[in-house]
Amino acid sequence: MTAKHLIIIRSICHYMARRTLIVSLLALSLTFAGCSRFGGVDSPTGPSSITPKVYMEPASQTGVSGREFTVKVYVENVSGLSYAQFDIVYDTAKVALPENNWAEGTFLKQDGATIILLVGSEQTITGTTVKRSVGVSRLGSNPGVSGTGILCSFTFNASATGNTTIDFDEDPASWGFMDVNNSPITITVGNGTTVNIL
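Keep in mind that this is a model prediction, so the values were computed, not measured. (Residues numbered from 1 in each chain as written. Predicted model: local features only at pLDDT ≥ 70, side-chain atom pairs only at ≥ 80, totals over all residues. Heavy atoms only, no water.)

**Notes on the pattern of salt bridges**
Between side chains of opposite charge, pairing is possible as soon as their charged atoms come close.
Item 1. Per the counting criterion, the structure on display carries seven salt bridges.
Item 2. The partner of glutamate 76 in a salt bridge is lysine 53, with the nearest N and O atoms 3.9 Å apart. Highlighted residues: glutamate 76 in strand β4 (residues 68-81) and lysine 53 in strand β2 (residues 53-57), separated in sequence by 23 residues. Here glutamate 76 and lysine 53 have matching classes, each one buried.
Item 3. Residues lysine 131 and aspartate 169 are paired through a salt bridge, measuring 3.5 Å at the closest nitrogen-oxygen approach. Of this pair, lysine 131 sits in strand β10 (residues 129-138) while aspartate 169 sits in the loop between β12 (162-168) and β13 (176-178), and the two are 38 residues apart along the sequence. Here lysine 131 and aspartate 169 have matching classes, each one buried. (Salt bridge = Lys/Arg side-chain N within 4 Å of Asp/Glu carboxyl O. Helix = DSSP H or I, 4+ residues; strand = E, 2+ residues; numbered from the N terminus. Buried < 20%, exposed > 50% of the residue type's maximum accessible area, 1.4 Å probe, protein only.)

Have a look at this one:
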């Protein structure tokens, strides 16, 4: 790891302690490109097979109270992706996401590039529903990658019986998909994951 990367990581940690992950990721973008990154997001209106989109897999699954289950976040048909930012939403009355129960996917590092995955703290939306900001980025000036693959994954603990959903926050302010030149990539929001906890 170079001194440049250490400075970036220290800056990210400093911002995360003061504000939200979104600010941290903007700091990361500023370090690499000298400008902020803001990507586009379309409403889920039945995207065609060639439309870049982000979605969760599996679309539905069965969990068991007291046990873990995993949700993977995919991108599909994307071109030149270097950076992705989004929020996930879930109900803490049904599931828990322990610290560090997440992992980098293979998509952004498919050519051996170094990547960084950051997940912010829980922010209450209403009642027991919370969101967490997520950011994953390739480091350095490596070109973006194209195709379909896993951005990251989350391993939740099922804590109460019943149906619940792990989903994306569709607020455009929470989204940012960029190429290595900081050009926004418009992406369609796909499905989340519905979990039937027994």
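There is more to say after this.
**A few points about unusual backbone geometry**
Item 1. For the bond from glutamate 57 to proline 58, the omega torsion is -5°, close enough to zero to count as cis.
Item 2. With respect to the helices and strands, the residue proline 58 is situated in the loop between β2 and β3 (60-63).
Item 3. The backbone of asparagine 77 shows a phi angle near 55°, a positive value even though the residue is not glycine.
Item 4. For asparagine 77, the location among the structural elements is in strand β4.
Item 5. Non-glycine residue asparagine 182 carries a positive phi angle of around 70°.
Item 6. Summarising the element assignment, asparagine 182 is placed in the loop between β13 and β14 (187-189).

**Some points on the environment of aspartate 179**
Item 1. Locating aspartate 179 in the fold gives a position in the loop between β13 and β14.
Item 2. The spatial distance from the C-alpha of aspartate 179 to the C-alpha of leucine 81 is 4.7 Å, given a sequence separation of 98 residues.
Item 3. A distance of 2.9 Å separates a polar side-chain atom of aspartate 179 from the backbone nitrogen of asparagine 181. (Polar contact = N/O pair within 3.5 Å; in protein donor to acceptor, adjacent residues only side chain to side chain.)

**Some words on the packing of aromatic side chains**
Item 1. In total, this model carries seven aromatic pairs according to the counting rule given.
Item 2. Between tyrosine 55 and tyrosine 74, the ring centres sit 5.5 Å apart and the planes meet at 10°, which makes this aromatic pair stacked. Here the residue tyrosine 55 occupies a position in strand β2, and tyrosine 74 occupies one in strand β4, the gap between them amounting to 19 residues.
Item 3. Taken together, a centroid distance of 5.6 Å and an interplanar angle of 20° make the contact between tryptophan 175 and phenylalanine 177 stacked.
Item 4. On the basis of relative accessibility, which here comes to 2%, the residue tryptophan 175 falls in the buried class.
Item 5. Three or more aromatic residues link up through ring pairs in this structure, and these residues are Phe86, Phe168, Trp175 and Phe177.
Item 6. The ring of tyrosine 55 carries lysine 53 above its face, with NZ or CZ at 5.2 Å from the centroid. (Phe/Tyr/Trp six-rings, centres within 6.5 Å; stacked < 30°, edge-to-face > 60°. Lys NZ or Arg CZ within 6 Å of the ring centre and 35° of its normal.)

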